[in-house]
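What follows is the residue order along each chain.
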2 protein chains.
Amino acid sequence: MVTLKQLAKELNVSISTVSKALNNSEEIGEETVRRVKELAQLYNYRPNKVALSLKNNKTKTIGVIIPNILNRFLAKVLFGIEREASKHGYNIITCISNESLTKEKESLQLLANGSVDGFILSVAEESQIKNEVEHFRNTITQGLPIVMFDRVAHDVLCDKVIVDDFDSTYNATKSLIEEGRKHIVFISNIYDLSVGKLREHGYNKAIIENSNLQPTVIRIKKEDDHQQEIKSLFKKNKNIDGIIAADTSSSIIAINTAVNLGLKVPKQLSIIGFASKSESDLAMPKLTTIRQHAKDIGAIAAELLIKRIQNTGPTEDVKTKIVKTTLVKNESTL
Amino acid sequence: MVTLKQLAKELNVSISTVSKALNNSEEIGEETVRRVKELAQLYNYRPNKVALSLKNNKTKTIGVIIPNILNRFLAKVLFGIEREASKHGYNIITCISNESLTKEKESLQLLANGSVDGFILSVAEESQIKNEVEHFRNTITQGLPIVMFDRVAHDVLCDKVIVDDFDSTYNATKSLIEEGRKHIVFISNIYDLSVGKLREHGYNKAIIENSNLQPTVIRIKKEDDHQQEIKSLFKKNKNIDGIIAADTSSSIIAINTAVNLGLKVPKQLSIIGFASKSESDLAMPKLTTIRQHAKDIGAIAAELLIKRIQNTGPTEDVKTKIVKTTLVKNESTL
DNA sequence: ATGAAAGCGCTAACAT
DNA sequence: ATGTTAGCGCTTTCAT
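Overview of the structure. This one's a predicted model, so the numbers in the text were calculated from it and none came from an experiment.

Glancing now at the overall build of chain A. Counting its regular elements, chain A contains 14 helices and 12 strands. Referenced to the eigenvectors of the C-alpha coordinate spread, the extents of chain A come out at roughly 90 × 40 × 35 Å. For chain A, the proportion of its 334 residues judged to be buried stands at 54%. Summarising the internal contacts of chain A: among those between residues at least 6 apart in sequence, 71% fall at separations of at least 24. Total accessible area on chain A is roughly 15100 Å²; 50% of this is exposed by carbon and sulfur atoms. Distance from the positive charge centre (46 side chains) to the negative charge centre (40 side chains) of chain A: 3 Å.

Structure below.
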């Protein structure tokens, strides 16, 4: 990489002259500017990012800590973050906490050494279960803003972007009730997470509001064989006619299992799950889905963070943005 | 963030004393070391990463450019890269090219300004189609090593990690032939990519080696309705008894469609596709898969790059590592 | 045992 | 119009 120093030497001028010329300073003579720019072009000069960061005490880099990149929703949010950040000239450093509290703490610590200007993160499962938030608070105290999305720690004071999880299952459940379904089951393999709980509550509320219905919640452990669990659910409860699934794979597997057992979907059984467009196409009939607008969530989070980073003024109050889900009717409901 | 300067001031010693004390230099007195370390601990001092990078001319950061983070295989590779990098104390800056040549060039340019010590990337679709490689060469010439994985540019001199794509479909096809299948079709929605072509060739070779069989290749465009395309394939060709799919969604949709049309899988029809464990469980019967060991690919790529970054010695010859796929028998084959 | 000073690449206030 | 200098935070060589 060429430096100002080298350019200056070759042109027989001072470093600051070169710097000013490249930054279109009025101070420098036309002819000099031309010569400098020509040589810079020739050598493909780029200002050293690290030197700029040190000088400005700004890295133009965002730290993103996500629990699991193989989760399609989270991957999609990351996509949204990257695109928005890139639009504003920011890079993203990605750390994967792998749902571990320790890794989450480490990543935060590691990047809070001047590597990034702020963080966007979704809380790891372990952290949510243990309800640990001190590491977030410490980071914020150190002057590094955090924006949390989806899985947030409600008692940490920072910007947040969340999904209307409660409402989404509440409404989805109600739509099945309106179809005339009488035995609606809720399936979840994320019952430990804040969002999983909210989704469960939304379902429960909708069911309980109809005094003649009974809530049934099936919790599937990650390590269990989903196909097996769902199959035995159907075998034990022959009268199930509706399913709300809190996660994608449960809903797709539910459709496949039902079809394989000879149940007519959606004639005898309606199924709704959280999934993206491409995922809903993997099921046949295509899954009626609750869309979370993951990319938007990422973009909003990035926007919030960048605003906060660049806002040198008085500390604004923290914001919580709610991104509403959309219920997209496909073939797995009436 | 506390700096050495602040610590030095508070302790009434010089900056260099503090620096040495923290780095366990023999030069500094026991008592001083103790005092310094105590205060550093108290203030939670961390050496400023940016300053270190500038000083050492090393960022301990890897630039990763992937075409699409919503592709599960690529996401998984990213996961592998992150884990391996993190093990060696490296961070990763992720850029998403979105299959666009322009974005790929920009990302490379943008990070080649001292932000990273090297790159790991998979070539964007557009770059592969247009066969553009100059930007890779430029980057390498600038002294930044590149490791390519999966979709590689064969005429760029750099380390590569690839999958034995040709062999994997060749072997998979042969296994269906050995099952006694007579009408084996190849389905692909990645026919434009280097890996897609190799997979197609592997299939063709296996078929052609059996003079009594005919190759049939179905290419599905990304924007088409996969379910519709595959359904009409089955309707037009009633005698299909084997499918090799080059991509995950084609294979899962093929199973669902077949089951919905009343075909017995695997009795009348065997299906093999590229997919991960969790994806193969989405189909019922579970998909027999070609596993690509994405995480390993990521880890190997990271390892290669880090070695090359740290190897100040004579330029070693570039390496191409081939990660062999595994054919995992599930329920969609005999 | 401790400190001063230079230098990594850059910008900007301050000379000339 | 051009140059000198200081400083961002750190390490390291060279005084003292």
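There is more to say after this.
Here we take up the sheet that holds strand β12 (residues 326-328) of chain A. Residue and element names in this part refer to chain A. Spatially, six strands are ordered β7-β6-β8-β9-β10-β12 in an open sheet, and the strand pairing comes out mixed. The open sheet terminates on both sides in strands that have one partner only, identified here as β7 (216-219) and β12. Along the sheet, successive strands turn relative to each other by an average axial angle of 20°, direction set aside. Inspection of the sheet shows strand β6 (residues 184-188) paired to strand β8 (residues 242-245) by four bridges, in the parallel sense. Considered in β8, the bridge of phenylalanine 186 is made with isoleucine 244.

At an RMSD of 0.1 Å, chain B and chain A line up after a rotation of 180° and a shift of 0.1 Å along the axis. The symmetry that links the two subunits is that of a two-fold axis. For chain B, the minimum C-alpha distance to the rotation axis belongs to Ile93(B) and amounts to 2.2 Å. Mapped onto chain A, 98% of the interface residues of chain B again fall at the interface, so both copies present the same surface.

Below, the discussion takes up the protein's contact with DNA strand D. Surveying the vicinity of DNA strand D reveals 27 residues, the closest of which are Ser16(A), Thr17(A), Lys20(A), Leu4(B) and Tyr45(B). Put simply, 59% of the atoms of DNA strand D that lie within 4 Å of the protein are in sugar or phosphate. Interatomic distance of 2.9 Å between a backbone N/O atom of Gly29(A) and a phosphate oxygen of DNA strand D. Leu4(B) is positioned with one of its backbone polar atoms (N or O) 2.7 Å from a phosphate oxygen of DNA strand D. Among the secondary structure elements, those contributing two or more residues to the surface near DNA strand D are α2 (15-22) and α4 (49-56) of chain A together with α1 (4-11), α2 (15-22) and α4 (49-56) of chain B.

Moving on, we come to the state of the cysteines. According to the stated counting rule, one finds zero disulfides over all chains in the structure shown. Free cysteine Cys95(A): the closest other cysteine sulfur is in Cys95(B), separated by 15 Å. The thiol sulfur of Cys158(A) is not disulfide-bonded, and the nearest other cysteine sulfur, from Cys95(A), lies at 18 Å.

The next subject is the packing of aromatic side chains. One pair of aromatic rings is described through two measures. These are the centre distance and the angle between the planes. Residue and element names in this part refer to chain A. Under the defined criterion, the tally for this structure stands at four aromatic pairs over all chains. Centre to centre, the rings of phenylalanine 166 and tyrosine 170 are 6.3 Å apart; their planes meet at 10°, and the pair counts as stacked. Highlighted residues: phenylalanine 166 and tyrosine 170, both in helix α9 (residues 165-178), separated by four residues, approximately one helical turn. You can call phenylalanine 166 partly exposed: its relative accessible area is 27%. Directly above the aromatic system of phenylalanine 274 lies the positively charged group of arginine 199, at a separation of 3.7 Å from the ring centroid.

Cut-off values and rules
Throughout, a residue's number is its position along its own chain's written sequence, starting from 1. Numbering of ligands from 1 and lettering of chains from A proceed in the order in which they are written. A pLDDT threshold of at least 70 governs which residues receive local features in this predicted model, and a stricter bar of 80 or more applies before side-chain atom pairs are shown or counted, although totals over entire chains, interfaces and linings include all residues. Water and hydrogen atoms were dropped before computing side-chain values, which therefore reflect all heavy atoms in the structure. Comment: elements are numbered from the N terminus, with helices defined as DSSP H or I runs of at least four residues and strands as E runs of at least two. Partly exposed describes any residue whose relative accessible area lies between the buried limit of under 20% and the exposed limit of over 50%, with all areas from a 1.4 Å probe on protein chains only and scaled to the type maximum. By definition in these notes, contact holds between two residues if any of their heavy atoms fall within 4.5 Å. Exposure was quantified through the Shrake-Rupley algorithm and a 1.4 Å probe, taking into account, for residues, occlusion by the shown protein chains and nothing else. Residues scored as charged are limited to Lys and Arg (positive) and Asp and Glu (negative), so that His and the chain ends carry no count. Working definition for charges: the position is that of NZ of Lys, CZ of Arg, CG of Asp or CD of Glu. In this description, strands pair whenever DSSP reports at least two bridges between them. Axis definition: a line fit to C-alpha positions, over the contact stretch in the case of helices; interaxial angles, taken between N-to-C directions, run 0 to 180 degrees. Least squares is the method used to superpose the copies, on C-alpha atoms of residues holding a pLDDT of at least 70 in both. Definition of nearness: a residue and a molecule or strand are near each other if at least one heavy atom of the residue lies within 4 Å of the molecule or strand. Pairs of N or O atoms are called polar contacts if they sit within 3.5 Å, as long as, within protein, a hydrogen donor faces a hydrogen acceptor (for residues adjacent in sequence, only side-chain-to-side-chain pairs). Defined by distance alone, a disulfide is two cysteine sulfur atoms within 2.5 Å. Ring pairs shown here join Phe, Tyr and Trp side chains whose ring centres sit within 6.5 Å, with only the six-membered ring taken for Trp; geometry is labelled stacked below 30 degrees between planes, edge-to-face above 60, and tilted in between. For a Lys NZ or an Arg CZ to count as sitting over a ring, it must be within 6 Å of the ring centre and within 35 degrees of the ring normal.

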